[in-house]
Amino acid sequence: MMTPAEIEALFTRADGAYAFARWGRPIAPIVFGVEDETLKTVKGALEAVVTLAGHQMAETDPELGANLMLFFFRDWDELLEVPDLGRLIPDLDPLVARLKQADASQYRAFRFDDQGGIQACFTFLRMSGDMARLPAETLALTQAVQAMLTWGDGAFAEISPLAVLPDTGATILRPEIAGVIAAAYDRMMPVAAADSSHALRLFARLQAPVTPPADDAAPTTH
């Protein structure tokens, strides 16, 4: 069971500010740069985490068409060749230059609505080095988790949100992280919060008894 301080740390930025947001609308994903089999894995992981949260998915978003975009590529310069991406990501050229200089493996950008909820998420994954060696199921479930909420800069720096069951080898979402996601999407909770007292409200919901549906479980992949 996580403590209030540990939950607070999950949504604390590098500058010390508490910044929480969840999706305020159904999630309409689109994935670029993968084969059909990997596409099924990615979308399956998204569906599992969205179901866990009690949220919804949709075929299209009325404003953007797709509001969760995942790009898989080999080199950051490839982003500069994507038509109209500069309209979605401000200052794309200098951003790519910074990511190359930092030898970054991933980057995530969020857009927010008038209530502070997540309106769109753009995820960029450079598939080289350690990133390219990850099993597709692990990569997909990790990205699904990270797109569901605005996690803090160091939320998963030391401990992965996933775990591997020793008996079966299945990759699962750690129960405490699954609990935080489910609590964050409680209909009585706000879509956005900038006060750390929000972490106490999440903690309180984790203490409450929960009766899951018969087929409910932490998302798994095999």
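As the structure is a computational prediction, the values presented were derived from the model and not from experiment.

(A) Expanded view of the layout of surface pockets. One number sums up the size of the largest pocket: a volume of about 780 Å³. Lining the largest pocket are 28 residues, with Gln 106, Arg 108, Gln 146, Gly 152 and Asp 153 sitting closest to its centre. Where the lining of the largest pocket is concerned, the elements lending two or more residues are strand 1 (20-21), strand 4 (106-112), helix 5 (130-133) and helix 6 (136-148). Among the elements that make up the lining of the largest pocket, the one with the highest residue count is helix 6 (five residues). Taken together, the residues that form the lining of the largest pocket break down as 15 nonpolar, nine polar and four charged.

(B) Representation of the packing of helix 2 (residues 36-53) against helix 6 in the model. The geometry of helix 2 relative to helix 6 is characterised by a closest axis approach of 8 Å and an angle of 40 degrees between their N-to-C directions. If you check the angle between helix 2 and helix 6, you find them oblique. You can see that helix 2 and helix 6 cross each other, and the crossing is right-handed. Judged by residue contacts, Thr 41, Val 42, Ala 45, Leu 46, Val 49, Val 50 and Ala 53 of helix 2 engage Ala 136, Glu 137, Ala 140, Leu 141, Ala 144, Val 145 and Met 148 from helix 6. For the contact of helix 2 with helix 6, the class distribution of residues is twelve nonpolar, one polar and one charged.

(C) Focus on the pattern of salt bridges. For the structure shown, the criterion picks out nine salt bridges. Here Asp 61 and Arg 25 are joined by a salt bridge, their closest N and O atoms 3.1 Å apart. With Asp 61 in the loop between helix 2 and strand 3 (68-73) and Arg 25 in the loop between strand 1 and strand 2 (29-32), this residue pair connects regions lying 36 residues apart in the sequence. Of the two residues, Asp 61 and Arg 25, neither departs from the other in class, the shared state being buried. Across the salt bridge formed by Arg 174 and Glu 176, the nearest N and O atoms sit 2.6 Å from each other. You can call Arg 174 buried: its relative accessible area is 14%.

(D) Helix 7 (residues 175-184), seen in detail. Most of helix 7 is tucked away: seven of the ten residues are buried. Along helix 7, the residues that are buried comprise Ile 177, Ala 178, Gly 179, Val 180, Ile 181, Ala 183 and Ala 184. In the core, the buried residues of helix 7 are packed alongside helix 1 (4-10), strand 1, helix 2, helix 6, strand 7 (171-173) and helix 8 (197-207).

(E) The sheet that holds strand 3, seen in detail. Taken together, the four strands give an open sheet; going across it, the order is 2-3-5-4, and neighbouring strands pair in mixed fashion. Whereas interior strands pair on both sides, the edge strands pair on one side only; in this sheet they are strand 2 and strand 4. In this sheet, neighbouring strand axes are inclined to one another by 10 degrees on average, regardless of whether the strands run parallel or antiparallel. As defined by bridge partners, strand 4 adjoins strand 5 (residues 118-126) across seven bridges and the pair is classed as antiparallel. Its bridge partner lying in strand 5, Arg 111 is registered against Ala 120. Along the sheet face, helix 6 touches strand 3, strand 4 and strand 5 and points at about 30 degrees away from the line of strand 4.

The rules behind the values
Residues numbered from 1 in each chain as written. Predicted model: local features only at pLDDT ≥ 70, side-chain atom pairs only at ≥ 80, totals over all residues. Heavy atoms only, no water. 1 Å grid on protein atoms, 1.4 Å probe; cavity = no way out; pocket = protein on both sides within 12 Å on 5 of 7 lines; lining within 4 Å. Points joined across faces, edges and corners; volume = space filled by probe spheres on them. Helix = DSSP H or I, 4+ residues; strand = E, 2+ residues; numbered from the N terminus. Nonpolar A, V, L, I, M, F, W, Y, C, P; charged D, E, K, R; others polar. Axes fitted to C-alpha atoms, helices over the stretch in contact; angles between N-to-C directions. Parallel < 35°, antiparallel > 145°, perpendicular 65-115°, else oblique. Left-handed = near helix turned anticlockwise from the far one by under 90°. Contact = heavy atoms within 4.5 Å. Salt bridge = Lys/Arg side-chain N within 4 Å of Asp/Glu carboxyl O. Buried < 20%, exposed > 50% of the residue type's maximum accessible area, 1.4 Å probe, protein only. Pairing = 2+ DSSP bridges.

Bear in mind that shape data such as this cannot, by itself, settle questions of function.
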